[in-house]
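Understanding the architecture of this molecule
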Amino acid sequence: MKHVIIGNGPAGVIAAESLRRADPAADVVLLGDESGPPYSRMAIPYLLTGKIDEAGTHLRKDAGHYKQLGIRLMKGRAKKVDTKARRVTLANGKKLPYDRLLIASGAHAVQPDVPGIESPNVHRCWTLADARAIAKKAKPAARVVQLGAGFIGSIILQALAERGVKLTVVEMGDRMVPRMMTAKAGNLIRLWVEKKGVQVHVNARVESIAKAAKGAMEVKLSNGRTLGCDLLICAAGVRPNVDFLEGSGVKIGGGILVDERMQTSVPEIYAAGDVTEAAGFYSGKPVLNAIQPNAADQARIAAANMLGAHAAAQGSLAINVLDTLGLISSSFGQWQGVEGGDGVELVDEPGFRYLSLQFKDDTLIGATSIGWTEHVGALRGLIQGRVRLGGWKARLLQDPTQFMAAYLGSAQKAA
Ligand SMILES: Cc1cc2nc3c(=O)[nH]c(=O)nc-3n(C[C@H](O)[C@H](O)[C@H](O)COP(=O)(O)OP(=O)(O)OC[C@H]3O[C@@H](n4cnc5c(N)ncnc54)[C@H](O)[C@@H]3O)c2cc1C
């Protein structure tokens, strides 16, 4: 059986290893278009702050790992997939036949349509190549503007601030991390980073980037402000890498549509990771969920099914944990609540602590927290386990801080 995997990020690597473990005889080809060994984008902030070197970003630290497992690493870019002939054509013209194909090509960072965005000192922060370019320019006291304060933007912000740059963040939403945090939580994070010396403009867009003297830039915002800067980092969201599937018959919505087995609309083709749009944990409707735990879970499920097993995903769940200049925040599941549900919010603005719990019937379906460094895993456990809270729900509505006791009480009872 010949398995070809397009994309050698976490999803591709985990799938390749799972295939090998279960089928020692299979031919496993892992194709990637970036130079160097497979690496983790999640490690980029640690590279930027000097906590690790480039080797520290590699997904597997032993250089002989893939060879020992008999996984064939191949450098190349998939250009086309011919589903009838069952082969992938690479940009260099080479053809790769397959019996089962896994698409794990991830996503790319979006470049917004802003005049001047092609300037040499504008960078995205998505690949190792981006990180190298940023490391050269984000020197102490450099004036840096960051476009976007979403999940990835807030992670990058932390790394940039640690490098000692003068940082200004521009976010078009009304708060920081607007697609991950409630209004109160997003505003609390903004207050915190402002206290730490980062300037934040919310409800503002970058309208143009113009050249200034000595390689510097002038950035015009929709709120009328003009910012001078030496470096602009673009963190405006991501989009699945699906261009090479044009004409293949693989159905695509926002990303590749997959069933609960990670199978695409073409039976012998599977997909996993940031490239997919899989059923949401609660809604069952296709959602994009570009986070690494999701990529890892989907990869294991896809690999099992590629080998003929019957593994099904529970549904894609939002799991977000952030450390923003020392302030720990998290959100899980349907953190924004659902119609007909109940919720409770606890706000301690001076103490920078916050907790929001969202319920449907007697189940916790979502949560947002700030300043809780212990036990937040219990929130995830209650949500992911769909634990019936019974009498604990009323107690949590009274005092949401009791979530750990509720977890121990109700999850253990269920077990
Ligand atoms: C700075 C940063 C910090 C992050 N921090 C976190 C975090 O704290 N928590 C979290 O959960 N997630 C985080 N993420 C997101 C996380 O890295 C992604 O969810 C994860 O990498 C997805 O894995 P993947 O294998 O699906 O895709 P990717 O890691 O993107 O890997 C896909 C690979 O496929 C290759 N490829 C694409 N197209 C082709 C083609 N046509 N032919 C051949 N190869 C191709 C790509 O070049 C890439 O190497 C972070 C991301 C960044 C950039």
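Refer to the structure printed above.
In short, a report on the structure. Numbering of residues starts from 1 in each chain and follows the order in which that chain's sequence is written. In keeping with the model being predicted, local features are shown solely for residues with a pLDDT of at least 70 and side-chain atom pairs are shown and tallied solely at 80 or more, while totals for entire chains, interfaces and linings include all residues. Hydrogens and water molecules were not included; the side-chain quantities draw on all heavy atoms of the structure.

In the vicinity of the ligand, 32 residues are found, and the nearest of them are Ala11, Asp33, Ala78, Asp274 and Gln292. In protein, a polar contact requires one atom able to donate a hydrogen and another able to accept it; more generally it is a pair of N or O atoms within 3.5 Å, and residues adjacent in sequence count only if both atoms are side-chain atoms. Between Pro10 and the ligand, the recorded distance is 3.3 Å, taken from a backbone N or O atom to an oxygen atom. At 2.5 Å from an oxygen atom of the ligand is found a side-chain nitrogen or oxygen belonging to Asp33. Contact with the protein chains covers 95% of the free accessible surface of the ligand, which is 1000 Å². Numbering goes from the N terminus for both helices and strands, where a helix is a DSSP run of H or I of at least four residues and a strand is a run of E of at least two. The set of elements that each furnish at least two residues to the shell around the ligand consists of helix 1 (10-22), helix 5 (151-162) and helix 7 (292-306). Polarity classes work like this: nonpolar for Ala, Val, Leu, Ile, Met, Phe, Trp, Tyr, Cys and Pro, charged for Asp, Glu, Lys and Arg, and polar for all others, with Gly in that last group. In terms of residue class, the shell around the ligand is made up of 17 nonpolar, 10 polar and five charged. Note on terminology: near, applied to a residue and a molecule or strand, indicates that one of the residue's heavy atoms is within 4 Å of it. Each accessible area value is a Shrake-Rupley result obtained with a 1.4 Å probe; residue values ignore everything except the protein chains displayed when judging cover.

In this section: the pairing of strand 24 (residues 342-348). Alignment of strand 24 against strand 25 (residues 353-360), held across seven bridges, turns out to be antiparallel. The partner of Gly343 across the bridge, within strand 25, is Gln358. Strands are labelled as partners when DSSP assigns at least two bridges between them. If you look at the hairpin formed by strand 24 and strand 25, you'll find four residues sitting between the two strands, and Phe352 has a positive phi there, around 50°.

To continue, consider the nonpolar core. Remark: nonpolar core denotes a set of buried residues (Ala, Val, Leu, Ile, Met, Phe, Trp, Tyr, Cys) joined through side-chain atoms within 4.5 Å. Any residue under 20% of the maximum accessible area for its type is buried, any over 50% is exposed, and the rest in between are partly exposed; the area is computed with a 1.4 Å probe on protein chains only. Counting 49 residues, the largest nonpolar core has Ile5, Val81, Val88, Leu101, Leu102, Ile103 and Ile256 as its most contacted members. If one sorts the elements of this core by residue count, helix 7 sits on top with seven residues. We call two residues in contact whenever any of their non-hydrogen atoms come within 4.5 Å of each other. The contacts of Val88, once residues within four sequence positions are left out, are Val4, Ile6, Ala78, Lys80, Val81, Lys94, Lys95, Leu96, Tyr98 and Leu101. Tyr39, Ala142, Leu157 and Leu160 belong to the second largest nonpolar core, which has 39 residues in total.

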